[in-house]
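# Observations on the model geometry
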Protein chains: 2
Amino acid sequence: MHPSPSTCQQCAQRFNSVFCKAREEHVEVINDKKVCNIYKKGQQLFNEGANPFGVFCINDGKVKLSHQGDDGKEHIIRLLKAGDVLGYRALLSGDRYSASAVALEETQVCFIPKDVFIKVLQHDAGMAFEMMKVLSDELHRSEIKLTHLAQKPIRERLAETLLFIKETYGFEADGITLAVKLSREEIANLVGTATESTIRLLSEFKKDGMIELEGKKIQILKPKQLLATANLQD
Amino acid sequence: MHPSPSTCQQCAQRFNSVFCKAREEHVEVINDKKVCNIYKKGQQLFNEGANPFGVFCINDGKVKLSHQGDDGKEHIIRLLKAGDVLGYRALLSGDRYSASAVALEETQVCFIPKDVFIKVLQHDAGMAFEMMKVLSDELHRSEIKLTHLAQKPIRERLAETLLFIKETYGFEADGITLAVKLSREEIANLVGTATESTIRLLSEFKKDGMIELEGKKIQILKPKQLLATANLQD
DNA sequence: TTTGAAATATGACCTTTGTCATTTTTTGAT
DNA sequence: ATCAAAAAATGACAAAGGTCATATTTCAAA
């Protein structure tokens, strides 16, 4: 875990986030009103159904964002890392949270109160534009995922998910081990399938030599073959 | 088809769209630069892969927005009606179009050039905020759909889709006939399933007395029972 | 009206995926 | 290090849904 920055101005994520284009004066306002916090693995940042009071800005760590299906089954809709902001969707739509956010490991988060965030958005065209970009990108990702979920078999979606995890969190120092520990169930909830199917297919991928499994550690041995398995055109 | 308005200021959709909060002066600029057009049923407004040169604003009519799956199979991601704007996603992300837009019937559309739209967004906080709201709502819808696609059986998703079509386009004057004609294949591509499955389930719904089928005409006889079949919690 | 192509409908069948049961392994707490 | 609980792995089976073949209907053009 990196040391917590004392101010937003010094924050390592500043130019790596939606605030990258925010004017200096606005960053100051945000810095004055922010509240930082550390969440342990498994702790909730917010819960589906609750009223949003602001947005969260990840300084270090990893967070999953998930919906509760009608039958209580989790569906993970996003994986977040340092520099990512979350909780804006409900805030901007004026809704309650439609998803829950849970730390996947010890995570440093700054909380920015609703009125501060909104006011800055309304007075800083650069940041407002950046926010629209974030929303557009998220929407794009979500729509692509919709099409794949509707049209691709689980095998392809699992391969795609493993590559997505790699894109999001990267590797450990060894260059092949995924830098996040997810349970098989969580991977299944990311793919949109049953846990057993995920386990079975991971075993197959291992048998095919594409990956190595060691507890929750997953190593990507043959990224190209995995990419071919994912059968991506985009 | 309603008469085409001569100006944006007089447009029936003005306060029913993302421009509802735009300042008068900006509406004037848009009005000066807009180009209106009529698309016949089946005509394309834009095509996946093309570069966006602006946004489209529907004045009257109906449009479907769809992705091309890797195997060429269509997946409909949105249904649009008067007052809706489309083409903004690619524009804001700085991408090419990731979806194609096709008129479902004769449709009046105004085209607003990229630089005009962007400039207004940058100078009009009210409209920028409204745009973020539209994006957030779209994102929300998309994420809910993801969870349902991952977790719900086709029967429930088809019932949900029929209700969604009703919400979007409403009924004919008789109060029970869906005010849009979609092929079985299009409904399937909206649900995310095979055409045959959709046909089979529509027949079942008819047998159960929930709907009536007459060519492409679909009548909703028992909306409550359909809602129960959709099994929605949200 | 006729007619031919496209859309719809339906049956048979097969593949994929989910569910349940059981065993094995891992993990974390003592 | 030991142990209990949770997670992972695996097999057997069932169910859902897709595919293919074919019949029927609809609809628009001649």
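Residues numbered from 1 in each chain as written. Chains lettered and ligands numbered in written order. Predicted model: local features only at pLDDT ≥ 70, side-chain atom pairs only at ≥ 80, totals over all residues. Heavy atoms only, no water.

## Describing the overall build of chain A
Counted only if it meets this: Helix and strand assignments come from DSSP, with helices taken as H or I runs of at least 4 residues and strands as E runs of at least 2, each series counted from the N terminus. Put simply, the radius of gyration uses C-alpha atoms, and a globule should come to 2.2 Å times the residue count raised to 0.38. Exposure classes here rest on a 1.4 Å probe applied to the protein chains alone. A residue is buried below 20% of its type maximum, exposed above 50%, and partly exposed in between. Residue contacts follow a heavy-atom distance rule, with two residues in contact if any of their heavy atoms lie within 4.5 Å. A 1.4 Å probe and the Shrake-Rupley method give the accessible areas. Residues count as covered only by the protein chains that appear here.
Secondary structure assignment for chain A yields eight helices and 10 strands. Against the compact-globule benchmark of 17 Å for 234 residues, chain A has a radius of gyration of 19 Å, which places it among compact chains. C-alpha extents for chain A along the principal axes are approximately 55 × 40 × 30 Å. Across the 234 residues that make up chain A, the buried fraction comes to 56%. Restricting to contacts in chain A with at least 6 residues of sequence separation, those with at least 24 account for 70%. Of the accessible surface of chain A, which amounts to about 10,400 Å², a share of 50% is contributed by carbon and sulfur atoms.

## Topic: unusual backbone geometry
With phi around 60 degrees, Asn231 of chain A is a residue other than glycine that occupies positive phi space. Along the polypeptide, Asn231 of chain A turns up in the segment after α8 (223-230).

## Remarks on the protein's contact with DNA strand C
How we decide: In these notes, residues near a molecule or strand are those with any non-hydrogen atom within 4 Å of it. N or O atoms within 3.5 Å of each other form a polar contact, as long as, within protein, one can give a hydrogen and the other can take it, and as long as residues adjacent in sequence are counted only when both atoms are side-chain atoms.
Of all residues adjacent to DNA strand C, which total 14 residues, the nearest are Thr193, Ser197 and Arg200 of chain A together with Arg184 and Arg200 of chain B. Between DNA strand C and the protein, one listed contact pairs a phosphate oxygen with a backbone N or O atom of Ala194 of chain A at 3.5 Å. At a separation of 2.9 Å, a base nitrogen of DNA strand C approaches a polar side-chain atom of Arg200 of chain B. Looking at the surface near DNA strand C, the elements with two or more residues in it are α7 (195-207) of chain A together with α7 (195-207) of chain B. Considering each element in turn, the surface near DNA strand C owes the most residues, four residues, to α7 of chain B.

## Some words on the protein's contact with DNA strand D
The following threshold applies: Each residue is assigned to one class: nonpolar for Ala, Val, Leu, Ile, Met, Phe, Trp, Tyr, Cys and Pro, charged for Asp, Glu, Lys and Arg, and polar for all the others, Gly among them.
Arg184 of chain A together with Ile154, Thr193, Ser197 and Arg200 of chain B are the nearest of the 15 residues found near DNA strand D. Put simply, 60% of the atoms of DNA strand D that lie within 4 Å of the protein are in sugar or phosphate. Contacts to DNA strand D include Arg200 of chain A, whose side-chain N or O atom sits 3.0 Å from a base nitrogen. Between DNA strand D and Ser203 of chain A, the relevant distance is 3.1 Å, taken from a phosphate oxygen to a side-chain nitrogen or oxygen of the residue. The set of elements that each furnish at least two residues to the surface near DNA strand D consists of α6 (184-191) and α7 of chain A together with α7 of chain B. The dominant element in the surface near DNA strand D, judged by the number of residues it contributes, is α7 of chain A, at four residues. A breakdown of the residues in the surface near DNA strand D according to their chemical character gives four nonpolar, four polar and seven charged.

## Quick notes on the nonpolar core
Keep this limit in mind: For our purposes a nonpolar core is just a set of buried Ala, Val, Leu, Ile, Met, Phe, Trp, Tyr and Cys residues, chained together by side-chain atoms within 4.5 Å.
Residues Phe117 of chain A together with Phe19 and Phe117 of chain B are the most contacted members of the largest nonpolar core, which totals 52 residues. Beyond its immediate chain neighbours, meaning those up to four positions away, Phe19 of chain B contacts Arg14, Ile30, Cys57, Val85, Ile112, Phe117 and Met127 of chain B.

## Observations regarding the relation of the copies chain B and chain A
Just so we agree on the cut-off: When the copies are superposed, the least-squares fit takes in the C-alpha atoms of residues with a pLDDT of at least 70 in both.
Expressed as a screw transformation, the operator carrying chain B onto chain A has a rotation angle of 180 degrees and an axial translation of 0.0 Å, and the superposed copies differ by an RMSD of 0.0 Å. Both chain copies can therefore be described as sitting about a two-fold axis. Same-surface contact between copies: 100% of interface residues of chain B are shared with the interface of chain A.

## Notes on the packing of helix α5 (residues 154-169) of chain B against α7 of chain B
Residue and element names in this part refer to chain B. Just so we agree on the cut-off: Fitted lines through C-alpha atoms serve as axes, helices being fitted only where they are in contact, and the angles separating the N-to-C directions of these axes extend from 0 to 180 degrees. Angles below 35 degrees are treated as roughly parallel, those above 145 as roughly antiparallel, those between 65 and 115 as roughly perpendicular, and all remaining angles as oblique.
Running from N to C, α5 and α7 point in directions that differ by 75 degrees, and their axes come no closer than 10 Å. The orientation of α5 relative to α7 falls into the category roughly perpendicular. Where α5 approaches α7, its residues Ile154, Arg155, Leu158, Ala159 and Leu162 are matched on the opposing element by Thr198, Leu201, Leu202, Glu204 and Phe205.

## Observations regarding the sheet that holds strand β6 (residues 85-86) of chain A
Convention followed: Here the rule is simple: two strands pair whenever DSSP picks up at least two bridges between them.
Ordered by their spatial adjacency, four strands build an open sheet running β1-β8-β3-β6 (chain A), and the pairing between neighbours is antiparallel. Across the chains shown, the open sheet's two edge strands, defined by having one partner strand only, are β1 (35-39) and β6 of chain A.

## Overview of the side chain of His75 of chain B
With respect to the element layout, His75 of chain B can be found in strand β5 (residues 74-81). A residue is classified by how much of its surface remains accessible, and His75 of chain B, at 1% relative accessible area, is buried. With residues up to four places along the chain from it excluded, the contact list for His75 of chain B reads Leu146, Thr147, Ala150 and Gln151 of chain A together with Leu65, Ser66, His67, Asn189, Leu190 and Gly192 of chain B.

## Description of the pairing of strand β9 (residues 211-214) of chain A
Residue and element names in this part refer to chain A. Residues Ile211 and Leu213 of β9 are buried on one face, while the alternating residues Glu212 and Glu214, pointing to the opposite face, are not. Here β9 pairs with strand β10 (residues 217-220) via four bridges, running antiparallel. Among the inter-strand pairings, Leu213 is bridged to a residue of β10, identified as Ile218. Hairpin connection of β9 to β10: two residues between the antiparallel strands, including Gly215 at a positive phi of 65 degrees.

## Observations concerning the interface of chain B and chain A
This is how it is decided: Accessible area, probed at 1.4 Å, shrinks when two parts are joined; the buried area is that loss added up over both. When a carboxyl oxygen of Asp or Glu lies within 4 Å of a side-chain nitrogen of Lys or Arg, that pair is called a salt bridge.
Each partner contributes residues to the interface: chain B has 45 residues there, and chain A has 45 residues. Between chain B and chain A, the buried area comes to about 4,000 Å², and carbon and sulfur atoms account for 62% of it. In this structure, the connection of chain B to chain A is made through four salt bridges. Of the charged contacts, one joins Lys152 of chain A and Asp70 of chain B as a salt bridge, the two residues approaching to 3.3 Å between their closest N and O atoms. Viewed at the interface, chain A and chain B are joined by 15 residue pairs in polar contact (both at pLDDT 80 or more). With 22 residues, the top contributor of residues to the side of chain B that touches chain A is helix α4 (residues 125-151) of chain B. Across the side of chain B that touches chain A, the residue classes break down as 16 nonpolar, 15 polar and 14 charged.

Everything listed here is a matter of coordinates, which is why it stays silent on function.
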